[in-house]
Amino acid sequence: MTDDIFKTRHLEVGNIRQHHFASIHKAVYEKDSTTFSQIARKLHGADLADFLEQISRAERLAIVKLWGQELRGDVLSELGEGVLTELLEEIAVDHLIAAVKGLQTDDIISLLEKIDEPKKNKILNSFLKSERDAIERTLKYSEDSAGKLMQLEVVNAPEHWNVGNTIDFLRANTRLPSNFYEIIVSSPKGHPIGVVPLGVLMSSPRETSLKKIMKIDFEVFDVNQSKEDVAYAFNQYHMVSAPVTDEDNRLVGVITIDDAMTVLEDETEEDLKRLAGLGNEELSDSVLGITAARFPWLFANLITAVLASTVIYQFTETLNAVIALAVLMPIVASMGGNAGTQTLTIAVRAIATRDLTRENLYRIIIRETLVGLMNGCVFAFVTGLVGIVWYHNYYLGIVIAIAMIVNMIVAGLAGILLPVGLSKLKVDPAVSSGVFVTTVTDIIGLFIFLFLASHLLL
C-alpha cells in the first residue's frame, strides 16, 4: 500500500465532523499514532465503525495497524459482518484480547464466532476460568437462539432482600453491566420469580421487601427460544429487558432492548434485501462476491421472462397483424408487476411482524381484491383512452382496459396469497415471492391482453 492513499479524501461519514475526519487522515498519513488515538477517543464507536466500512480495505488495514493496542472493542462490535471478518484476520491476537475486555459478553460471543480457532482459544484462555466456562457454554447455543443473544452479566437479588440490601449491593459492586434496567429477583434455586424496575427500587423505602414491589407478570425466555420470538415480544409488549433461563429454569442471562431491536432491524433489512434478491450484500463486498450473490436471482428472473415470452410467442400472428399491441403490451405487464410488488411488500412485512393472521387473512384478501379492482378501473380508463387517442381504435382501447382491470386484480391476489402460501410451506416469503408474483402478473396480464386482442381486433 502506498502512503498517498490518504492524501485526497473528502467524505462525510455518519456523525463524524469533517475536521475530525480530515484529522484522522492526516494522522494516518503521517503515521502519528498518538494523534490518531486522541481523535479516536473523542468519537463514538458506531461512527468509527461507519467510517471503517466506507473506506477501502487498504485504508482500513492502515488504520487498524496504527491503532494497535488501543483498538476499541466497541468499534469492532458495531462493524458489519463482511468488514469485521476481514479485519479479524489481520488484527494481532494480543490486540483482540485487549479490545474484548471492555465488552459485554453478548458482544464478546458475537466476535468470537467470527474468529479462527487458534485466536479464539487464546482469547478464551485470557479470561478467568468461571468466565471462560460460561462463554464456552453460550457459544454452543444455536445461532438463532435467545441463548446466543443474551448477555451473561445479570443483576439479580435473592427474594429475601429488601430495597436497602439491594441498593447497598449495587453501590458496592464494581462489575455491574454498563446498561441494566431491572433487578431480577430469584428464588433460592436460582429461578427468576419477579423483576423490580430501577425507578421503583430507587423510589421505595429501604426497609421495603423486594417481594412487595416486584412485578410477577414478566416475560422469561428459554435459551433455545428463537431470536425472532424474543424480538417480537420486546416490540409487542414494550419491554426493556428480560431474563433468560436454561433447561432447568435457572437464571443464566438477560436480554436487553438494544439487542432485541438489533434483531428487528436485521430482520427488516434482510427482508428488504431478499425482496430484491440481494441476500446479505454489503457496501464493502467485492465485485466478484456481489456478482456471485446476485446471479441466482437474475437467472431466476431470466427464466420467468422466458415464460412470459412463451406466452407472447403463442400470439405472434396477432402481433404481426396489429403492431400497436407491441407498443401497449409493456404497459399491462409493468402495471401488474408494480401493483403486485406493492401488495407483496406489505404482506411480507405483516407476516414477519405476525400482524397477518388466520383471523384477518380473509378480510385482507377481500381488501386487496377491491383495491386492485378500483385501481384497475381508474387505470383502465386512462390506458383505454390512450389506446383510442393514439390509434383511433375503440376496440384496442377496450382490450387494454379489460386486461388492465384483470391484471390489477390478479396482482393484488398474487401479492397476498403467494407469500402466505410460501409461509405455510415453511419457505421464507421474502426470498421467493417476488419472482413468483412478477411471473404471475406478466403471464396472466399478457395472456388476457393478447387473447382479447386476437378475438376482438382480428
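Residues numbered from 1 in each chain as written. Predicted model: local features only at pLDDT ≥ 70, side-chain atom pairs only at ≥ 80, totals over all residues. Heavy atoms only, no water.

(A) The arrangement of the overall build of the protein in detail. Helix and strand counts for the protein stand at 22 helices and six strands. Relative to the 2.2 N^0.38 estimate, which gives 23 Å for 458 residues, the radius of gyration of the protein is 29 Å and therefore markedly larger than a compact globule would have. Oriented by its inertia axes, the alpha-carbon framework of the protein measures out at about 90 × 65 × 40 Å. A burial count over the protein gives 43% of its 458 residues as buried. Taking all contacts inside the protein whose residues are at least 6 apart in sequence as the whole, residues at least 24 apart take part in 67%. Split by element, the accessible area of the protein, about 24,100 Å² in all, is 58% carbon and sulfur. Of the charged side chains in the protein, 40 are positive and 57 negative; the average position of the first set lies 4 Å away from that of the second. (Helix = DSSP H or I, 4+ residues; strand = E, 2+ residues; numbered from the N terminus. Rg over C-alpha atoms; globule rule 2.2 N^0.38 Å. Buried < 20%, exposed > 50% of the residue type's maximum accessible area, 1.4 Å probe, protein only. Contact = heavy atoms within 4.5 Å. Areas by Shrake-Rupley, 256 points an atom, 1.4 Å probe, with all protein chains shown as cover. Lys, Arg positive; Asp, Glu negative; His and termini not counted. Charge placed at Lys NZ, Arg CZ, Asp CG, Glu CD.)

(B) Region of interest: the environment of Lys211. Tracing the backbone through its elements, the reader meets Lys211 in helix H14 (residues 210–213). Given the relative accessible area of 47%, Lys211 is considered partly exposed. In the structure, Lys211 is positioned 49 residues away from Asn162 in sequence and 8.1 Å away in space, judged by C-alpha atoms. Polar contacts involving the side chain of Lys211 include one to the side chain of Glu159, which spans 3.5 Å. (Polar contact = N/O pair within 3.5 Å; in protein donor to acceptor, adjacent residues only side chain to side chain.)

(C) Structural detail: the pairing of strand E3 (residues 192–197). When strand E2 (residues 182–186) meets E3, the two strands line up antiparallel, connected through five bridges. Within E3, the residue paired with Ile184 across the bridge is Val195. Following E2, the chain reverses through five residues before pairing antiparallel with E3; Gly190 in that reversal takes a positive phi of roughly 85°. (Pairing = 2+ DSSP bridges.)

(D) Inspection of unusual backbone geometry at higher detail. Positive phi outside glycine occurs at His238, with the angle close to 55°. Mapped onto the secondary structure, His238 falls in the loop between helix H15 (227–237) and strand E5 (241–245). Its identity as a non-glycine residue notwithstanding, His392 has a phi of 50°, on the positive side. Within the element layout of this structure, His392 appears in the loop between helix H20 (358–391) and helix H21 (394–424).

(E) Quick peek at the packing of helix H19 (residues 324–352) against H20. Remark: H19 packs on H20, axes separated minimally by 12 Å, with the N-to-C direction vectors making an angle of 160°. Regarding the angle of H19 to H20, the classification is roughly antiparallel. The two elements H19 and H20 meet at a crossing, and its hand is right-handed. Residues Ala324, Val327, Leu328, Ile331, Met335 and Thr343 of H19 pack against Glu368, Phe379, Thr383, Gly387, Trp390 and Tyr391 of H20. Taken together, the residues of the contact of H19 with H20 sort by class into eight nonpolar, three polar and one charged. (Axes fitted to C-alpha atoms, helices over the stretch in contact; angles between N-to-C directions. Parallel < 35°, antiparallel > 145°, perpendicular 65-115°, else oblique. Left-handed = near helix turned anticlockwise from the far one by under 90°. Nonpolar A, V, L, I, M, F, W, Y, C, P; charged D, E, K, R; others polar.)

(F) Main features of a nonpolar patch on the surface. A surface patch of nonpolar side chains, about 850 Å² in accessible area, is lined by Val327, Val378, Phe379, Phe381, Val382, Leu385, Val389, Trp390 and Tyr391. Of the residues forming the nonpolar patch, the biggest block, eight residues, is contributed by H20. For Phe381, the position within the fold is in helix H20. Residue classification places Phe381 among the exposed residues on the basis of a relative accessible area of 59%. (Patch = residues over 30% accessible without salt bridge, like charges linked within 9 Å, V, L, I, M, F, W, Y side chains within 5 Å. Salt bridge = Lys/Arg side-chain N within 4 Å of Asp/Glu carboxyl O.)

(G) How the structure looks around the sheet that holds E2. Pairing is mixed across the open sheet formed by three strands, whose spatial order is E1-E2-E3. Where the open sheet ends on each side, the last strands, each with one partner, are strand E1 (156–158) and E3. Adjacent strand axes in the sheet meet at a mean angle of 30°, parallel and antiparallel pairs treated alike.

(H) The sheet that holds E5, seen in detail. Within the open sheet, the three strands sit side by side as E4-E5-E6. Their pairing is mixed. Of all strands in the sheet, those with a lone pairing partner are strand E4 (221–222) and strand E6 (251–256), marking the two edges. Sheet analysis places E4 next to E5, joined by two bridges and oriented parallel. By the bridge assignment, Asp222 is partnered in E5 with Thr245.

(I) Expanded view of the side chain of Arg60. The residue Arg60 is located in helix H4 (residues 57–67) in this model. Given the relative accessible area of 3%, Arg60 is considered buried. For Arg60, the side chain forms a polar contact with the main-chain oxygen of Leu52, separated by 3.0 Å.

(J) Molecular detail of the packing of helix H7 (residues 93–100) against helix H9 (residues 117–125). Their axes nearest at 10 Å, the elements H7 and H9 cross at an angle of 45°. As judged from the angle between their axes, H7 and H9 are oblique. In terms of crossing hand, the pair formed by H7 and H9 is right-handed. Between H7, through Val93, Leu96, Ile97 and Val100, and H9, the contact on the second element is made entirely by Lys119, Lys122 and Ile123.

(K) Spotlight on the environment of Lys122. Take Lys122: it is sitting in helix H9. Here the alpha-carbon distance between Lys122 and Asp94, two residues 28 residues apart in the chain, equals 8.7 Å. Once you skip the residues sitting within four places of it in the chain, Lys122 turns out to touch Val93 and Ile97.

(L) Structural context of the packing of aromatic side chains. For the coordinates displayed, the defined rule picks out six aromatic pairs. Between Phe36 and Trp67, the ring centres sit 5.3 Å apart and the planes meet at 90°, which makes this aromatic pair edge-to-face. Here the residue Phe36 occupies a position in helix H2 (residues 33–42), and Trp67 occupies one in helix H4, the gap between them amounting to 31 residues. Each of the two residues, Phe36 as well as Trp67, counts as buried. Taken together, a centroid distance of 6.3 Å and an interplanar angle of 75° make the contact between Trp390 and Tyr391 edge-to-face. By way of ring pairs, the aromatic residues Phe315, Phe447 and Phe451 are connected into one cluster. (Phe/Tyr/Trp six-rings, centres within 6.5 Å; stacked < 30°, edge-to-face > 60°.)

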